[in-house]
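# Structural characterization, general
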Amino acid sequence: MNALNADLHCHSTASDGTLAPADVVRRAAANGVDLLALTDHDELLGLPEAAAAAAELGLRFVPGVEISVSWLDQTLHIVGLGIDPSNVALIEGLAQVRGGRDGRAARIAAELERIGIRGAMEGALRYAGNPALVSRAHFARFLVEIGASRNVHDVFLHYLARGKPGYVEHVWATLEDAVGWIKGAGGLAVIAHPGRYRLSHAEMDILFDRFRELGGDAVEVACGAHDGGQLLAFARLARKFGLMASRASDFHGPEDSPIDLGRADPLPPDLTPVWTRLN
Ligand code: AMP
Ligand code: MN
Ligand code: MN
Ligand code: MN
């Protein structure tokens, strides 16, 4: 097994996590993480604070981001690792992706209002540590607060998922742009939590093939969203398409994450860990 405890995907209050960037880093260090990437949604704002906290603790830190992408009729997430946070094309691309979030949040609130839930915009904003980055996770916390569901998991079953009230269609970045911004900023591009996408086997193959063609590097094989069967299935796809493997908790906070920082499963030993190419 790969002895390094790498966690290459997690969130802070710069997007929809509940801990400040420095607190994410402190918790990772306390959990025995050896190498950490902070990967907030469409946002680099938390990276300086996280990097400073990691330097203080002597924890190896990699700047990252998780970019929202529209592909076929799905939303995909592409993680960038080891990106240069001062890269202008990346900064401008992310600003453009974030720019769509306000209007989308207003449309989500309007949909919720139609089923009698008032004040959702203000409610979600109270949970948003970064007003430029209102996510469905913030709406979910508000819906739990008012008793619409028992927990965030149930909110996504009943409200904010496709086909449910409170879901609105939205166009994010293209796959080409997202991978291009990451590669242009010197980073490695990683398909995040592929087990969450509603794609057929054929579509998944097309995605992996296209991603590879665009210069994509790796796929999350071990991650909080995958069960043991999915881990094996995506390990097979990594081998088939010659992609490296990543390991990720996708931690959002102690309250509503399936696994804690540094607690993802180990990678199958024959795969090349993406961190062999970091720093
Ligand atoms: P957004 O980028 O605004 O569409 O929000 C997506 C975020 O909502 C994800 O990054 C998760 O934090 C959260 N989320 C999505 N689906 C679920 C789910 N089924 N259970 C819990 N959280 C979810
Ligand atoms: Mn999230
Ligand atoms: Mn994601
Ligand atoms: Mn994530």
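Per chain, residues are indexed from 1 in the order of the written sequence. To read the labels, note that chains go from A and ligands from 1, taken in the order they are written. This being a predicted model, a pLDDT of at least 70 is required before a residue's local features are given, and a value of 80 or more before pairs of side-chain atoms are given or counted; all residues contribute to the totals for chains, interfaces and linings. Hydrogen atoms and water are omitted, and side-chain values are computed over all heavy atoms in the structure.

## Topic: the coordination of the manganese ion (ligand 3)
- Coordinating donors are taken to be N, O and S atoms lying within 2.8 Å of the metal, or within 3.2 Å when the metal is Na, K or Ca; because water is excluded from the atom set, some sites may appear incomplete. At 2.1 to 2.2 Å from the manganese ion (ligand 3) lie its protein donor atoms, namely Glu66 (OE), His77 (ND1) and His193 (NE2).
- Counting gaps between the donor residues of the manganese ion (ligand 3) yields the pattern E-x10-H-x115-H.
- The distance between the manganese ion (ligand 3) and the manganese ion (ligand 2) comes to 5.6 Å. With His77 in strand S4 (residues 74–81) and His193 in the loop between strand S5 (188–191) and helix H9 (201–213), this residue pair connects regions lying 116 residues apart in the sequence.
- Classification of His77 by relative accessible area gives buried; the value is 12%. Going along the chain from the N terminus, every DSSP run of H or I of four or more residues is numbered as a helix, and every run of E of two or more is numbered as a strand. Buried means the residue's accessible area, taken with a 1.4 Å probe over protein chains only, is under 20% of the maximum for its type, while exposed means over 50%, and partly exposed covers the values in between.

## Focus: the site of ligand 1
- Around ligand 1 sit Asp16, His41, Arg101, Arg104, Ser135, Arg136, Ala137, Val152, Phe156, Arg196 and His252, and those are all the residues in its vicinity.
- The term polar contact refers here to a pair of N or O atoms within 3.5 Å; inside protein, the definition further demands a hydrogen-donor-capable atom paired with an acceptor-capable atom, and it admits residues adjacent in sequence only when both atoms are side-chain atoms. Between Arg136 and ligand 1, the recorded distance is 2.8 Å, taken from a backbone N or O atom to an oxygen atom.
- Each accessible area is a Shrake-Rupley estimate made with a 1.4 Å probe; only the visible protein chains count as cover when residues are assessed. Expressed as a share of its isolated accessible area of 500 Å², the protein-covered part of ligand 1 is 81%.
- Listing elements by their share of the shell around ligand 1, those giving two or more residues are helix H4 (101–114), helix H6 (136–145) and helix H7 (152–158).
- By the convention adopted, Pro, Cys, Tyr, Trp, Phe, Met, Ile, Leu, Val and Ala count as nonpolar, Lys, Arg, Asp and Glu as charged, and the other residues, Gly among them, as polar. Residue composition of the shell around ligand 1, grouped by class: three nonpolar, three polar and five charged. Put simply, a residue is near a molecule or strand once any heavy atom of it comes within 4 Å of that molecule or strand.

## Comments concerning the coordination of the manganese ion (ligand 4)
- Within the protein, His9 (NE2), His11 (NE2), Glu66 (OE) and Asp250 (OD) serve as the donor atoms for the manganese ion (ligand 4), at 2.1 to 2.2 Å.
- Between the manganese ion (ligand 4) and the manganese ion (ligand 2), a separation of 4.7 Å is found. One end of the pair, His9, is in the loop between strand S1 (6–7) and helix H1 (21–30); the other, Glu66, is in strand S3 (residues 60–71), and 57 residues separate them in sequence. For the pair His9 and Glu66, one class covers both residues: buried.

## Quick word on the state of the cysteines
- Pairs of cysteine sulfur atoms within 2.5 Å are what we label disulfides. This model, assessed by the stated rule, comprises zero disulfides.
- Free of any disulfide, Cys10 has its nearest cysteine sulfur in Cys223, 13 Å distant.
- The buried category is assigned to Cys223, whose relative accessible area is 8%.

## Section: the sheet that holds strand S6 (residues 218–223)
- We call two strands paired when DSSP finds no fewer than two bridges between them. The strand order across the open sheet formed by seven strands is S1-S2-S3-S4-S5-S6-S7, and the pairing between neighbours is mixed. If you trace the sheet from one side to the other, it starts and ends with S1 and strand S7 (244–248), each paired once.
- In this structure, strand S2 (residues 35–38) lies alongside S3, joined through four bridges in parallel fashion. If you follow Leu35 over to S3, its bridge partner there is Arg60.

## Brief notes about unusual backbone geometry
- For Asp42, which is not glycine, the phi torsion reads 50 degrees and is therefore positive.
- You can see Asp42 is positioned in the loop between S2 and helix H2 (47–57).
- Overall, the relative accessible area of 0% leaves Asp42 in the buried class.
- Residue His193 is not a glycine yet carries a positive backbone phi of 25 degrees.

## So, the packing of aromatic side chains
- Classification of ring pairs uses Phe, Tyr and Trp, with its six-membered ring standing for Trp, and accepts pairs whose centres are within 6.5 Å; under 30 degrees between planes counts as stacked, over 60 as edge-to-face, and the remaining range as tilted. This model, assessed by the stated rule, comprises two aromatic pairs.
- On the basis of an interplanar angle of 15 degrees and a centroid distance of 6.5 Å, the ring pair of Phe208 and Phe234 is categorised as stacked. Separated by 26 residues along the polypeptide, Phe208 in helix H9 and Phe234 in helix H10 (residues 228–241) bring together distant segments of the chain.
- You can call Phe234 buried: its relative accessible area is 8%.
- Taking the centre distance of 5.8 Å and the plane angle of 50 degrees together, the rings of Phe208 and Phe241 count as tilted. Taken together, the residues Phe208 in helix H9 and Phe241 in helix H10 connect sequence positions 33 residues apart.

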